[in-house]
Amino acid sequence: MTTPRIDYRALFAVLPSPCLVLDPGLVIVEVNEAYLRVTDRGREELLGRHLFVAYPGNPADPDADGVRNLQASLQRVVRSKEPDTMAVQKYDIPVSGRPGVFQQKWWSPVNTPVLGADGEVRWIIHRVEDMTEFVLTRPLHLRPDDLSGEHKAMEAELFTRAQELQGINEELREAHDRERRTALALQEVMLRSPDLAGHREIAVRYLPATRSLNVCGDWYDVVDLSDDRFTVAVGDVVGHGLEAAAVMGMLRSALSAAVRAIDEPGKAMDVLSRYARTFEDALATTAAKAVVDTRHRRITYTSAGHPPPLLARPDGTVVLLDEATDPPLGVLTDLGTPRPQATVPYTPGDTLVLYTDGLIERRGEDIDAGLHRLADALGHHTSLGPDQLADTLLTRLGVADGGRDDVALIVVRL
């Protein structure tokens, strides 16, 4: 059986609900007949015009907030890529052919994003229902013998509650934005790495999970040990949000202090592991650390339950540094047995990459598949500079705009 081809443009034109289509810049690109009827406008008056030029605020009603509320809703849709349902809004519209004259109108709007193949918002469907008659005929002075009075009063109450709910939602959004700004400031302080500024050969990237507050438990660090030795590290605390970020800050600082006092990364990781046992939220944290000795051209590394660092040669050969892996931090190991470390030589032009599992791990897929994908991308782009290579790896692994999990990445050109 052959499925008939559907003319979606024709379907849109006759939809009973008034709809118009906006581009991300809020320019009107399409409108259906129901919308033209309810606003008493012609297509030529709307197409190609900015929404708020076609429908400006009513200067005779300075207290009206319909324009501001609609603009905020549309901006949320572009930013979140999620639909946004608004409470009933008073939004007067210009009367066609009568400059400066506005008609009182009340609307129930829903704004829905349409995403392109790249996951970005291509269009926004702005659907409205005209609530003017309902609003203007409610609240009524009801007679005691009016049997429909109870229903009318209920309708009026629902409308009032919807308006109040929108106000509460706006307050919650503002509170969330304040919390997010606070969290970002905290995260920036905790991830500050003063020694990084002296290393033009090192690029770092930090991407919180897309649905988090933009704070997470992943971290990176760069510490100078001497003129010819420095260390790089990444770690991953279980969870997201402020609690995970706080634990991250404590562990990152402890490891940074330990490596300054103890030359060997395995022993420094032992110190961190014992520290992690002192509070429950740090258990099962993973971390990887590498000490780069530029004089002797060697890397000494260790891993606590973390995905292995990668060492790429200029010819595209990629080596997994997986010979010094132990359980995550806080997990008891044989008493008296230090955490392992291994040393590998490098040649100038090699590239060292440390990362967290959000870069390679995908739901329903073995983590080795993601590791092979990363190694392949790295091997094909070793000629790129550190910053360009870091961005390329994020793009090739599909997390350039964030993913389901947090991502921390360090790229070192040796």
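Our structure is the block above this text.
To keep things clear, this report deals only with the structure shown in the data block. (Residues numbered from 1 in each chain as written. Predicted model: local features only at pLDDT ≥ 70, side-chain atom pairs only at ≥ 80, totals over all residues. Heavy atoms only, no water.)

1. Let's talk about the pairing of strand 1 (residues 19-22)
Both faces of the sheet carry side chains from a regular strand, because those side chains alternate between them. The test is simple: Residue burial is assigned from relative accessible area. The probe radius is 1.4 Å, only protein chains are included, and a residue is buried under 20% of its type maximum, exposed over 50%, and partly exposed in between. Secondary structure counts use DSSP, requiring at least four H or I residues in a row for a helix and at least two E residues in a row for a strand, with both numbered from the N terminus. In this analysis, strands are considered paired if DSSP registers two or more bridges between them.
Burial along strand 1 is two-sided: Cys-19 and Val-21 and Leu-20 and Leu-22, pointing in opposite directions, are all buried. Pairing between strand 1 and strand 8 (residues 121-130): four bridges, direction antiparallel. Along strand 8, the bridge assignment pairs Cys-19 with Arg-127. Relative to strand 2 (residues 28-31), strand 1 is paired through three bridges, and the arrangement is antiparallel.

2. Looking at the pattern of salt bridges
To keep things clear, this is the line we draw: A carboxyl oxygen of Asp or Glu within 4 Å of a side-chain nitrogen of Lys or Arg is what we treat as a salt bridge.
For the structure shown, the criterion picks out 21 salt bridges. Here Asp-228 ties to Arg-295 by a salt bridge, and the two come within 2.9 Å at their closest N and O atoms. Placement of the pair is Asp-228 in the loop between strand 10 (216-226) and strand 11 (229-240) and Arg-295 in the loop between strand 12 (286-293) and strand 13 (298-304), with a sequence separation of 67 residues. Judged by relative accessible area, Asp-228 falls into the buried class, the value being 17%.

3. Some thoughts on the packing of aromatic side chains
Put simply, the rule reads: Note on aromatic pairs: the rings of Phe, Tyr and Trp (six-membered ring only in Trp) are paired at centre separations within 6.5 Å, and the planes decide the class, stacked below 30 degrees, edge-to-face beyond 60, tilted for the rest. Comment: the charge-over-ring label is applied if NZ (Lys) or CZ (Arg) is within 6 Å of the ring centre and within 35 degrees of the ring normal.
Under the definition given, this model contains one aromatic pair. Ring geometry for Tyr-35 versus Tyr-55: centroids 6.2 Å apart, planes at 80°, classification edge-to-face. Pair noted here: Tyr-35 is in helix 2 (residues 33-39) and Tyr-55 is in the loop between helix 4 (51-54) and helix 5 (66-80), with a separation of 20 residues, a long-range link. Each member of the pair, Tyr-35 as well as Tyr-55, carries the same accessibility label: buried. The ring of Trp-123 carries the charged tip of Arg-122 above its face, separated from the ring centre by 4.8 Å.

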